[in-house]
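Reading the structure
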Amino acid sequence: MGHVDAGKTKLLDCIRGTNVQKGEAGGITQQIGATYLPAENIQDRIKELKAADDKHMKVPGLLLIDIPGHEPFTKLRSRGSGLCDIAVLVVDIMDGLKPQTIESLNLLKSRNTEFIVALNKVDRLNGWKPCPNAPIIKAMKQQSQDVKNEFNMRVVQIVTQFKEQGVNTKLNVDENKRMRETYSIVPISAKSGEGIPDLLYVTDGLLDPEIYGRETDLQQ
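Residues numbered from 1 in each chain as written. Predicted model: local features only at pLDDT ≥ 70, side-chain atom pairs only at ≥ 80, totals over all residues. Heavy atoms only, no water.

A closer look at the pattern of salt bridges
- Scanning the entire structure with this criterion turns up 6 salt bridges.
- Ionic pairing is found between E48 and K138, a salt bridge with its closest N-O pair at 3.2 Å. Linking E48 in the loop between α2 (39-45) and β2 (61-66) with K138 in helix α5 (residues 136-141), this pair joins segments that are 90 residues apart in sequence.
- Since its relative accessible area comes to 46%, E48 is described here as partly exposed.
- A relative accessible area of 45% places K138 in the partly exposed class. (Salt bridge = Lys/Arg side-chain N within 4 Å of Asp/Glu carboxyl O. Helix = DSSP H or I, 4+ residues; strand = E, 2+ residues; numbered from the N terminus. Buried < 20%, exposed > 50% of the residue type's maximum accessible area, 1.4 Å probe, protein only.)

Pasting the structure below:
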């Protein structure tokens, strides 16, 4: 879920290796779509993560639902938000929270739906060096200090925007131990794939009967 052009369909395309967005009218999703991602596919995508070394999938897979972000599709967003066990709220790191982001956030809050924030388009940070499909910490280690500084600044701004909406968030690439109080922000690029392993790992962990967690300071 999220604002139009935040990269929701592009994110799904990146995960499943398709290009659905290119065939959509104006590149805008106009209906609810669904894709099943088997556990073995998820396991393969997260294998580079050290935290996943001893990780065994406890869910058979993920059914991914793509919900339109354009303003006229409020009813579809409302319907879609009621279908999921957990939501991924896609936010453009360059734009922060936009009107349909806030609308989606309010829908999730009203339904007490767990969610993760996918902080998309890190590849648009000035000077970003692509690390295709890499875990986000590995990708960040390749960046200059200027890129890291801009990243930190924008994360702080977005955390503040969520706080203004009454929601506590934190940068986190592992399962969040206090989901009802603090929601995870996972930086990603739906274009080149950085952070996708982390997003899948966190999502699977939050659906597990047992939720693990370890502290990660990505901003150091």
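Observations regarding the nonpolar core
- Formed by 30 residues in total, the largest nonpolar core has its most connected members in V91, F115, W128, F151 and F162.
- Every element with two or more residues in this core is listed here: β3 (86-92), α4 (99-110), β4 (114-120), α5, α6 (145-164) and β6 (182-187).
- Here this core takes 5 residues from α6, the largest share from any one element.
- Apart from the residues lying within four places of it in its own chain, the contact partners of F162 are L89, V91, L97, L105, V117, V167 and T169.
- L37, I116, I188 and I196 belong to the second-largest nonpolar core, a separate cluster that totals 24 residues. (Core = buried A, V, L, I, M, F, W, Y, C linked by side-chain atoms within 4.5 Å. Contact = heavy atoms within 4.5 Å.)

Some thoughts on the packing of aromatic side chains
- In total, this model carries 1 aromatic pair according to the counting rule given.
- Their ring planes at 5 degrees and their centres at 4.1 Å tell us that F115 and Y183 sit as a pair that is stacked. On the criterion of sequence distance, the pair formed by F115 in strand β4 and Y183 in strand β6 is long-range, its members being 68 residues apart. (Phe/Tyr/Trp six-rings, centres within 6.5 Å; stacked < 30°, edge-to-face > 60°.)

Details of α4
- Its 12 residues place the ends of α4 17 Å apart at the C-alpha level, agreeing with the 16 Å of an ideal helix rising 1.5 Å per residue.
- Listed as buried for α4 are Q100, T101, S104, L105, L107 and L108. Looking straight down α4, one finds its buried side chains confined to an arc of 160 degrees; they lie on one side. Turned more than 90 degrees off the buried face of α4, the exposed positions are P99 and S110.
- Two residues or fewer after α4 comes N112, characterised by a positive phi angle close to 55 degrees. (Expected span 1.5 Å × (residues − 1). Arc of directions from axis to C-beta.)

Looking at the packing of helix α1 (residues 8-16) against helix α7 (residues 196-207)
- Where α1 meets α7, the axes come as close as 11 Å, and the angle between the chain directions of the two elements is 95 degrees. Judged by the inter-axis angle, α1 sits roughly perpendicular to α7. Where α1 approaches α7, its residues L11, C14 and I15 are matched on the opposing element by I196, L199 and L200.
- Class assignment of the residues belonging to the contact of α1 with α7 gives a composition of 6 nonpolar, no polar and no charged. (Axes fitted to C-alpha atoms, helices over the stretch in contact; angles between N-to-C directions. Parallel < 35°, antiparallel > 145°, perpendicular 65-115°, else oblique. Nonpolar A, V, L, I, M, F, W, Y, C, P; charged D, E, K, R; others polar.)

Things to note about the pairing of strand β5 (residues 168-171)
- Residues of β5 alternate between two faces, with T169 and L171 buried on one and N168 and K170 left unburied on the opposite face.
- The pairing of β5 with β6 spans 4 bridges and is parallel. Residue pairing in the sheet places K170 in a bridge with S184 of β6. (Pairing = 2+ DSSP bridges.)

A short note on the environment of K10
- Along the chain, K10 turns up in helix α1.
- Sequence separation between K10 and S189 is 179 residues; the distance between their C-alpha atoms is 9.3 Å.

A short note on the sheet that holds β5
- As summarised here, the arrangement of the 4 strands in space is β3-β4-β6-β5, forming an open sheet in which the pairing is parallel. Since the sheet does not close on itself, it has two edges, and those belong to β3 and β5, each with one partner. The average angle at which neighbouring strand axes cross in this sheet is 30 degrees, direction not considered.
- Along the sheet face, α4 touches β3 and β4 and points at about 160 degrees away from the line of β3.

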